[in-house]
Structure formats: C-alpha cells, structure tokens
Amino acid sequence: MREHVTAAAELGGESAEWPRALAGTGPRREEALARLHELLVRIARGEVARRSPRLQLTGPELDDLAYQAAADALVAITSKLGQFRGESRFTTWAYKFVMFEVSAKVGRHFWRHPGVRLDAEEWERLPDRFGFDPAQEAEWRDLLAALRRAVDEELTARQRRVFVAIVLNAVPLDTLVIELGTNRNAIYKTLFDARRKLRAALAANGYVGDDGGRRS
Amino acid sequence: MNGWSALDRFLRTDPRDVGCAQAMEMLHIYAEMAAVGAPVEERYPGAAAHLRACGPCGEDFEGLLTAMRGKAH
C-alpha cells in the first residue's frame, strides 16, 4: 500500500486543510463543521435516493434517514480525525462514513418493519431465492433437498440462524447485525463459513463438482 | 442466471476474501484507485474478492464511487 499512500499535504490544499480546521478551535472549526455537515447531507441525500428503489420508504422518511446518517457520519468523522492518514482525499474518506451510516440506518429501518421475519423457516421459498424454475422441479428437487439436509446436519446453531434469516427470509445483513447485536464482519464470517461447509457437503455427495460446476 | 449458477455463486467462497472489517477500513483507498481506472483488483485481490461477494460492502462501494463522481473534489 506504501506507493499509494499520499501525504495529505500532497493532495492539495483542501485535503490538508479539512483536518486542520476540524481539529482546531473557535469560529474556524465551527465554520468547517457547518461546511462539512452541509456536504455530508448532500452526499447522504444522494445515496438514499440511489438506494430508494429498493427501500420501502417515502419522501420525508428518506430525507429523515439522510439527515440522521449525515449527522452520525459527522460525529464519526470528528471522533476518528486522527485516523485520517492522507491515503485518499479527505472528502472520499469522509463520504465513506456516510455510506456506512446510510447502511446502518437502512438496516434499522428494516428491523422495525413488521414484515421482517428473522427466524421463520420458510423452506418453500428456497427455489425462488435462487431462481430455480418451478417447471423444472424434477431437475433441482434432489439438490435442494440435499442442501436442506446439509443445513440441518453441518451447520452450527448460529450458522443455521444466519443462513435462515438471510437466505430463506431475505433479511438484510445489516438488519441481522442489529437483531443479533453484533457487527457486519461477524455475520459475514458466520455466513462465509456456512457457505463453505454447505458447498463441501454438496460436493461430497456429488451434487456439485470440486470446481464448482454442476455435476450432471 | 438460472438457479444452479445462482446457488453455485452463493456457495462459492474465495479464500482471499479479507472480510468486511478490512474492506471497510480501506474502502476510500480502493474507491479512489478504482475511480481512476487503476488495476485495483490486482493490487488488492482480497478486498476485490470481498466486494464481489458481500452485498452490503459492495453497496457501500458503489455508493462511494457514485458520490465521488457526483461531487468534484
């Protein structure tokens, strides 16, 4: 990574100036905070709008979500200012926190949604989740039965819970993070290990090849 | 994409995958390299593998790229 590390000063005035102003005191800091907040709100609104086709939210709710994300991103940025090492433009580093906060707020929104079912095991949804054609059930029935057996026999209780929530019930990963009181990395790792186990079980029983291809 | 390939893609794991924590830590660096067309997947194969496989991190990456393009620095 060393060759990519660029000192903030080399990035031009703005990327060097932001951390100085935000770490300072008095009116200069207040002005920088106000300017950064305005920028973050604009970025958050753009990001929420970009994701809106996949969200069950209306105009005012989207705006609220954007403002909350921008406010929390500002808190994160000011508290982590010492971690900015000039490896990118300051604004790119700052926008990253907007993305994280928008994701967290969207996850929380789904968590509150009454339609979200975390633990119900609706196995009949499995074919649809992966796009299997009902008209060709004879071709995939055994495969999915083997997958279900592998879920029952190979996964730990936690891996099974994460698999059921994310795959069967289509619960967003960031929503599961809130439900289980953990973080994105931990859920991803749990699902990663579950995926590896399930694939190995299907390969061992001849349903997929070692190279990942379908064995017919 | 049919069900077989979707299931295969879901179950396939890449041992180089660095996970969410590391990918999020370097997302701003990765995004800037990607935005200028640098060979970022070759430079950071573990992060690239993760961003391909992890929906939420991939979404954050796409959002960051869009934000960078929308706002002249």
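Q: Help me understand the overall build of chain A in this model?
A: Helix and strand counts for chain A stand at nine helices and zero strands. Along chain A, from the amino end to the carboxyl end, the secondary structure elements read α-α-α-α-α-α-α-α-α. Expressed as a percentage of its 216 residues, the buried residues of chain A come to 48%. The contacts of chain A with a sequence gap of at least 6 include a subset with a gap of at least 24, amounting to 63%. Surface summary for chain A: the accessible area is close to 11,000 Å², and the carbon and sulfur share equals 49%.

Q: Explain the state of the cysteines here, please?
A: Here a disulfide denotes one covalent bond, and it connects the sulfur atoms of two cysteines. All names here are of chain B. If you walk through the whole model with that rule in mind, you get zero disulfides over all chains. The structure places no disulfide on Cys20, whose sulfur is separated from the nearest cysteine sulfur, that of Cys57, by 3.8 Å. The exposure class assigned to Cys20 is buried, which follows from its relative accessible area of 0%. Note on Cys57: no disulfide assigned, nearest cysteine sulfur contributed by Cys54 at a separation of 3.7 Å. Here Cys57 falls in the buried class, since its relative accessible area comes to 2%.

Q: So what exactly am I meant to see when it comes to the packing of helix α7 (residues 157-168) of chain A against helix α9 (residues 184-204) of chain A here?
A: When two helices pack together, their arrangement is captured by the angle between the axes and the distance separating the axes. All names here are of chain A. Taken N-terminus to C-terminus, the directions of α7 and α9 make an angle of 95°; their axes are 9 Å apart at the nearest point. Relative to α9, the element α7 lies roughly perpendicular. Here Arg158, Gln159, Val162, Phe163 and Ile166 of α7 come into contact with α9, specifically with Ile187, Thr190, Leu191, Asp193, Ala194, Lys197 and Leu198. Per-class residue counts for the contact of α7 with α9 are seven nonpolar, two polar and three charged.

Q: Teacher, can you tell me more about the interface of chain B and chain A here?
A: Interface size, as often reported, equals the accessible area lost upon joining of the parts. Chain B puts 40 residues into the contact, and the matching count from chain A is 50 residues. Summing both sides of the interface, chain B and chain A together bury roughly 4,000 Å²; the carbon and sulfur share of this comes to 64%. Contact with chain A buries area across many residues of chain B, yet Trp4(B), Phe10(B) and Leu11(B) alone supply 19% of it, more than any other trio. Here chain B and chain A share six salt bridges between them. One salt bridge connects Arg184(A) with Asp60(B), and the closest N-O pair in it is separated by 2.9 Å. Secondary-structure elements contributing two or more residues to the side of chain B that touches chain A are α1 (3-11), α2 (19-25), α3 (27-35), α5 (45-53) and α6 (55-70) of chain B. For the side of chain B that touches chain A, the leading source of residues is α6(B), giving 10 residues.

Q: Could you clarify how one ought to interpret the pattern of salt bridges in this entry?
A: Pairing between side chains of opposite charge can happen when the charged atoms of each approach one another. Counted under the stated rule, the structure contains 25 salt bridges over all chains. We note a salt bridge from Arg20(A) to Glu17(A), for which the minimum N-O separation is 3.7 Å. In this pair, Arg20(A) and Glu17(A) are both assigned in helix α1 (residues 13-23), three residues apart and thus about one turn of the helix distant. With relative accessibility at 26%, the residue Glu17(A) sits in the partly exposed group. Each of Glu47(A), Arg50(A), Arg51(A), Arg54(A), Asp174(A), Arg184(A), Glu59(B) and Asp60(B) takes part in salt bridges that share partners, so that together they form one network.

Q: Looking at this structure, how should I read the packing of aromatic side chains?
A: The relative placement of two aromatic rings is captured by the distance of their centres and the angle of their planes. In this structure the tally under the stated criterion is 13 aromatic pairs over all chains. Seen from their ring centres, Phe132(A) and Trp4(B) are 6.4 Å apart, and the 75° between their planes marks the pair as edge-to-face. Taken together, the positions of Phe132(A) in the loop between α5 (126-130) and α6 (137-154) and Trp4(B) in helix α1 put the pair across two chains. The buried category is assigned to Trp4(B), whose relative accessible area is 16%.

Q: Where do I start with the environment of Ile166(A) in this structure?
A: For Ile166(A), the position within the fold is in helix α7. Considering only alpha carbons, one finds Ile166(A) and Ile187(A), 21 residues apart in sequence, at a separation of 10.0 Å.

Cut-offs and rules
Residues numbered from 1 in each chain as written. Chains lettered and ligands numbered in written order. Predicted model: local features only at pLDDT ≥ 70, side-chain atom pairs only at ≥ 80, totals over all residues. Heavy atoms only, no water. Helix = DSSP H or I, 4+ residues; strand = E, 2+ residues; numbered from the N terminus. Buried < 20%, exposed > 50% of the residue type's maximum accessible area, 1.4 Å probe, protein only. Contact = heavy atoms within 4.5 Å. Areas by Shrake-Rupley, 256 points an atom, 1.4 Å probe, with all protein chains shown as cover. Disulfide = S-S within 2.5 Å. Axes fitted to C-alpha atoms, helices over the stretch in contact; angles between N-to-C directions. Parallel < 35°, antiparallel > 145°, perpendicular 65-115°, else oblique. Nonpolar A, V, L, I, M, F, W, Y, C, P; charged D, E, K, R; others polar. Buried area = accessible area lost by both parts, 1.4 Å probe. Salt bridge = Lys/Arg side-chain N within 4 Å of Asp/Glu carboxyl O. Phe/Tyr/Trp six-rings, centres within 6.5 Å; stacked < 30°, edge-to-face > 60°.

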